[in-house]
Amino acid sequence: MATALSEEELDNEDYYSLLNVRREASSEELKAAYRRLCMLYHPDKHRDPELKSQAERLFNLVHQAYEVLSDPQTRAIYDIYGKRGLEMEGWEVVERRRTPAEIREEFERLQREREERRLQQRTNPKGTISVGVDATDLFDRYDEEYEDVSGSGFPQIEINKMHISQSIEAPLTATDTAILSGSLSTQNGNGGGSINFALRRVTSAKGWGELEFGAGDLQGPLFGLKLFRNLTPRCFVTTNCALQFSSRGIRPGLTTVLARNLDKNTVGYLQWRWGIQSAMNTSIVRDTKTSHFTVALQLGIPHSFALISYQHKFQDDDQTRVKGSLKAGFFGTVVEYGAERKISRHSVLGAAVSVGVPQGVSLKVKLNRASQTYFFPVHLTDQLLPSAVFYATVGPLVVYFAMHRLIIKPYLRAQKEKELEKQRESAATDILQKKQEAEAAVRLMQESVRRIIEAEESRMGLIIVNAWYGKFVNDKSKKNEKAKVIDVTVPLQCLVKDSKLILTEASKAGLPGFYDPCVGEEKNLKVLYQFRGVLHQVMVLDSEALRIPKQSHRIDTDG
């Protein structure tokens, strides 16, 4: 009698929603929900061949859900990793008495084995492009006596330096990784490049080591060794030794960093650097969900300084951050402030204004696109000119808001519509199948619903007058959009028991007799019901729990 279900069918079902039970449901609750649906869908209760076939299909789906959730091991796997976790090879050899924590460890081991087979296909490219712009002629022009110089009528903006770097990682084994990197730089007509090769080995769960070899046309060969080691669960050390060969001889260098977690959000660092630009540095970094704070002090040759910086993280969809810092030392004093914001799924745009003595005023624009970074430092003036500070602050804001309104927002809206359309097309076949299953389930529920309504009417109980599920359009600004809802009166009435209806905190699309009428869009459930002869109404979000009847749902008919 059983009909096999395809993997795609099983992968698109939420077992808890299908049985309408809580994720913390006991075995008794699972059994009660399973028995109720079995009575509803059992094929032997239907004589019509078409209804019998539909009932058999839904019965097997419910049975599959109950099999997974009633077994402690498969339920633990499903709770942690979903149906994808159940499909991973190797579970058949796992001891069945394991706890959820042991199952998690076993899953991670199997996942590591699978990842090892895919190592050869992986790289981790990273790149940086930096273009320095000299725009001092905008604010610091020649005197009037030089106006006859050719081209002096317009400000001269020049690109005075450029830097390009790129690196890729090639995993060789589960513990060994090869890293190849290169860079090209040019400044005021002079340039050079370098290439580096490194081999990293993870020696244990507590540490790794890396050998580095490099060469360039400006400097000679480079040999380096990096070591990382966790000393305790809260403390680690990093050491970097290097030998730089040049025409002046061999220049050794050593950098050691000792770090300790002061609490779950704060890390303290001690750094000692010997050789090229020797220095000692201590810093404290505190990073929380809403802020990032750093304070640092360095004593060294040629630079000694004190630094304090703060960054505030707004909890919005665009991940907006504003930051400010003060750095003072032998080289002078620099104040820097700026902001960054996510402009697309993989892109973050940021800008900062740097004001210092004797550095002057600079504007720094940075765009992070996936693993690529584009950096544009624009030097505006060597002096502290209020006009330069004003335009460096206001100019980027005006440009950003204009671009966001005219270019970025329309582009993101078009991309979202395109993705939704693509999602609808890819899910069209599955949604059609879900719709057919829901319609079949509703037909199978008719007799049960008739009996439930008779029982509820006899005791003035809970009667579902109307129920709709999907996208509702109540905002007048969206009057051109169409509502996309389906009638779920029968499925909800079928779930009524002892004058109560309880829906768990999960998507309603997985309930018997339901399907998703608007893939990828926000959905609600609206219910008009009668209890003790009085009309009630409620609307909840798709994944919001619902319990009726409630006094607060009562429709006030006074006046």
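In the annotation of an unreviewed UniProt entry, the entry for the chain reads DnaJ homolog subfamily C member 11, and the organism field reads Prolemur simus. UniProt, in its Function (unreviewed entry) section for the chain, records the words "Required for mitochondrial inner membrane organization. Seems to function through its association with the MICOS complex and the mitochondrial outer membrane sorting assembly machinery (SAM) complex." UniProt, in its Subcellular location (unreviewed entry) section for the chain, records the words "Mitochondrion outer membrane".

**Quick word on the pairing of strand β10 (residues 279-287)**
In this structure, strand β9 (residues 266-274) lies alongside β10, joined through eight bridges in antiparallel fashion. Bridge pairing in β10 places R273 opposite A279. The hairpin turn running from β9 into β10, its antiparallel successor, is four residues long, and G275 in that turn takes a positive phi close to 115°. Relative to strand β11 (residues 291-300), β10 is paired through nine bridges, and the arrangement is antiparallel. If you follow S283 over to β11, its bridge partner there is A296. Here β10 hands over to β11 after three residues, the two strands then running antiparallel side by side.

**Topic: the environment of F154**
With respect to the helices, strands and loops of the structure, F154 is situated in the loop between β1 (126-134) and β2 (158-171). For the pair F154 and D137, spaced 17 residues apart in sequence, the C-alpha separation works out to 8.9 Å.

**A short note on the layout of surface pockets**
Rolled over the atoms, a probe sized like a water molecule indicates the empty space that remains. Considered as a void within the structure, the second largest pocket measures approximately 930 Å³ in volume. If you trace the second largest pocket, you find 31 residues lining it, with A32, A33, R36, L495 and K497 closest to the centre. Elements supplying a minimum of two residues to the lining of the second largest pocket: α2 (15-19), α3 (27-41), α7 (386-458) and β20 (501-503). With seven residues, the single largest contributor to the lining of the second largest pocket is α3.

**Overview of the packing of α3 against helix α4 (residues 49-70)**
Two elements in contact, α3 and α4, have axes separated by 9 Å at closest approach and are oriented at 170°. Taken as axis vectors, α3 and α4 run roughly antiparallel relative to one another. When α3 is examined against α4, the residues L30, K31, Y34, L37, C38 and Y41 are found in contact with a partner set consisting of A55, E56, L58, F59, V62, H63, Y66, L69 and S70. Classifying every residue of the contact of α3 with α4 by side-chain character gives eleven nonpolar, two polar and two charged.

**Concerning α4**
Its 22 residues place the ends of α4 31 Å apart at the C-alpha level, agreeing with the 32 Å of an ideal helix rising 1.5 Å per residue. Here α4 has its buried residues at Q54, A55, E56, L58, F59, N60, L61, V62, A65, Y66, V68 and L69.

**Notes on the nonpolar core**
L19, V21, L30, Y41, V62, L69 and M445 are the most contacted members of the largest nonpolar core, which has 28 residues in total. Listed by contribution, the elements that provide at least two residues to this core are α2, α3, α4 and α7. At nine residues, the largest contribution of residues to this core is made by α4. Here L19 is in contact with L30, A33, L37, V62, A65, Y66 and L69, once residues within four sequence places are set aside. Core analysis: the second largest hydrophobic core is formed by 26 residues, I452, A467, V527 and F531 among them.

**Concerning the pairing of strand β22 (residues 534-541)**
Relative to β22, strand β21 (residues 524-531) is paired through eight bridges, and the arrangement is antiparallel. Its bridge partner lying in β22, F531 is registered against V534. A loop of two residues connects β21 with β22, the two strands running antiparallel in sequence, and R532 in this loop sits at a positive phi of about 55°.

**A look at empty space enclosed by the protein**
One pass over the full model with this rule turns up one cavity of 30 Å³ or more. Put simply, the largest cavity is a space of about 30 Å³. Taken together, S17, N20, L503, T504, A506, S507, K508 and L511 make up the full set of residues lining the largest cavity. Split into classes, the residues belonging to the lining of the largest cavity amount to three nonpolar, four polar and one charged.

**Section: unusual backbone geometry**
Omega for the peptide link from V357 to P358 comes to 10°, which places this bond in the cis form. Structurally, the position occupied by P358 is in the loop between β15 (347-357) and β16 (360-369). At the junction of I548 and P549, the peptide bond is cis and its omega measures out at 10° in the coordinates. Turning to its location among the elements, P549 is positioned in the segment after β23 (546-548). For Q319, which is not glycine, the phi torsion reads 50° and is therefore positive. Phi angles above zero are rare outside glycine, and R532 is one such case at about 55°.

**Focus: the packing of aromatic side chains**
Per the counting criterion, the structure on display carries ten aromatic pairs. With a centroid separation of 5.3 Å and 40° between ring planes, the pair formed by F228 and F236 is classed as tilted. Counting every residue linked through ring pairs, the aromatic cluster contains F139, F390 and Y391. Its guanidinium or amino end placed over the ring of W208, R200 lies 5.2 Å from that ring's centre, counting from NZ or CZ. The residue whose ring lies beneath K327 is F305, and the NZ or CZ to ring-centre distance is 4.4 Å.

**Brief notes about the side chain of E521**
As for its placement among the helices and strands, E521 is situated in the loop between β20 and β21. Residue class for E521 comes out buried when judged on its relative accessible area of 14%. Polar side-chain contacts of E521 include one of 2.9 Å to the side chain of K484.

**Overview of the sheet that holds strand β18 (residues 462-471)**
In any sheet, the strands associate via hydrogen bonds between backbone groups, in a parallel or an antiparallel arrangement. Strands sit in the order β19-β18-β21-β22 across an open sheet of four strands; the sheet is antiparallel. Because the sheet does not close on itself, it has two edges, and the strands there are β19 (484-487) and β22. Averaged over neighbouring strand pairs, the angle between their axes works out to 20° when direction is ignored.

**Considerations on the confidence of the model for the chain**
On average, residues of the chain carry a pLDDT of 83, and 84% of them reach 70 or more. In this model residues 1-12 is a low-confidence stretch, pLDDT under 50, and it forms 27 contacts with partners more than four residues away in sequence or in other chains.

Conventions and cut-offs
Residues numbered from 1 in each chain as written. Predicted model: local features only at pLDDT ≥ 70, side-chain atom pairs only at ≥ 80, totals over all residues. Heavy atoms only, no water. UniProt positions renumbered as here; feature names shortened; annotations may be inferred. Pairing = 2+ DSSP bridges. Helix = DSSP H or I, 4+ residues; strand = E, 2+ residues; numbered from the N terminus. 1 Å grid on protein atoms, 1.4 Å probe; cavity = no way out; pocket = protein on both sides within 12 Å on 5 of 7 lines; lining within 4 Å. Points joined across faces, edges and corners; volume = space filled by probe spheres on them. Axes fitted to C-alpha atoms, helices over the stretch in contact; angles between N-to-C directions. Parallel < 35°, antiparallel > 145°, perpendicular 65-115°, else oblique. Contact = heavy atoms within 4.5 Å. Nonpolar A, V, L, I, M, F, W, Y, C, P; charged D, E, K, R; others polar. Expected span 1.5 Å × (residues − 1). Buried < 20%, exposed > 50% of the residue type's maximum accessible area, 1.4 Å probe, protein only. Core = buried A, V, L, I, M, F, W, Y, C linked by side-chain atoms within 4.5 Å. Phe/Tyr/Trp six-rings, centres within 6.5 Å; stacked < 30°, edge-to-face > 60°. Lys NZ or Arg CZ within 6 Å of the ring centre and 35° of its normal. Polar contact = N/O pair within 3.5 Å; in protein donor to acceptor, adjacent residues only side chain to side chain. pLDDT = per-residue confidence, 0-100.

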